[in-house]
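Architecture at a glance
Each chain, written out:
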Amino acid sequence: MRKQIAAANWKMNLNLPQATSLVADICSTPIDLEENQRVIFAVPFPYLVSINQMIETRDKFLTAAQNCSDKKSGAYTGEVSAEMLHSINVGYCIVGHSERREYFGETNFVLREKINQCLDHDICPIFCCGEALPVRERGGQNELVELQLNESLFHLKADQLTKIIIAYEPVWAIGTGKTATATQAQEMHAYIRWLLKNQYGESAAELVPILYGGSVKAGNAKELFDCDDVDGGLVGGASLVPADFIKIIRSLKF
Ligand code: PEP
């Protein structure tokens, strides 16, 4: 059965006391997770060890980094490698968030290397794809997402593909309060799954969780997550508010 995931992307927010208080609030709330459900906290690098300790006793709560280097190791001051993440028991890493593509010039080819680094070190990449507004306005979203997958993922073998998570995040919906409708999200998720199926066959394609990201809120999560090919969400702003994120987790389908 495919995993259903609520992933929090804190971005560059919260100091350490604020971060631990947020996780403590969520951990003190009883949340029943089904066998296939996971909650992932993508937190800034300096907090990974502390947050990992805090969630240690919570089955199905996990941490993610928000980025990693495309290089294995060496003289790359300021970078963090996938191997380092693995050594501190981090099992997931966001790769190719649109903010990294836009502000840090990350190309599909650099992201392909990051994907390789993650998989080489047993880190599950959460690969972000999605179109900006002008692309959506001219109807080019399918073509753009196909290119992103083609250039960053489709060199993988089928057994590697099933170790990744994809997050469809239309750039025009990130942090804007403007959410894709459930129909728009389902259409793109079904298209992504069709691309995976064409490339890797049905059984591999059916195993890959595809998350929706872009102004997921407590009030719209259920409608989005109920779509057949939407396997949960990558959540920015609303993941910083414990009550909202808890409601979003509870909106996951079985
Ligand atoms: C994100 O950071 O990936 C995101 C989707 O942000 P928000 O939920 O705030 O739009």
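Look above for the structure.
Residues numbered from 1 in each chain as written. Predicted model: local features only at pLDDT ≥ 70, side-chain atom pairs only at ≥ 80, totals over all residues. Heavy atoms only, no water.

So, on to helix α12 (residues 242-250). Those residues of α12 that sit buried are Pro242, Phe245, Ile246, Ile248 and Ile249. Around the axis of α12, the buried residues are gathered within 160° of arc, so they sit on the same side. Pointing more than 90 degrees away from the buried face of α12 are the exposed residues Ala243 and Arg250. Looking at the packing, one finds that the buried side of α12 touches β1 (4-9), α1 (16-27), β2 (37-42), α11 (221-225) and β8 (232-235). (Buried < 20%, exposed > 50% of the residue type's maximum accessible area, 1.4 Å probe, protein only. Helix = DSSP H or I, 4+ residues; strand = E, 2+ residues; numbered from the N terminus. Arc of directions from axis to C-beta. Contact = heavy atoms within 4.5 Å.)

Pairs may arise between side chains of opposite charge once their charged atoms sit close together. With the rule as written, the count across this model stands at 13 salt bridges. Measuring nitrogen to oxygen at the nearest pair gives 3.0 Å for the salt bridge that ties Glu206 to Arg2. Highlighted residues: Glu206 in helix α10 (residues 202-207) and Arg2 in the segment before β1, separated in sequence by 204 residues. Note on Arg2: relative accessible area 13%, which makes it buried. The salt bridge involving Lys72 is made with Glu83; its shortest N-O contact spans 3.8 Å. (Salt bridge = Lys/Arg side-chain N within 4 Å of Asp/Glu carboxyl O.)

This part covers the site of the ligand. Near the ligand you find 14 residues, and of these Lys11, Glu169, Gly175, Ser215 and Gly236 are the closest. One nitrogen or oxygen atom from the side chain of Lys11 is found 2.8 Å from an oxygen atom belonging to the ligand. Within the backbone of Gly237, one N or O atom sits 2.9 Å away from an oxygen atom of the ligand. In isolation the ligand exposes 290 Å². Once the protein is present, 97% of that is buried. (Near = heavy atom within 4 Å. Polar contact = N/O pair within 3.5 Å; in protein donor to acceptor, adjacent residues only side chain to side chain. Areas by Shrake-Rupley, 256 points an atom, 1.4 Å probe, with all protein chains shown as cover.)

Applying the stated criterion across every chain yields a total of zero disulfides. Among the cysteines around Cys129, which has no disulfide bond, Cys128 carries the closest sulfur, lying 7.6 Å off. (Disulfide = S-S within 2.5 Å.)

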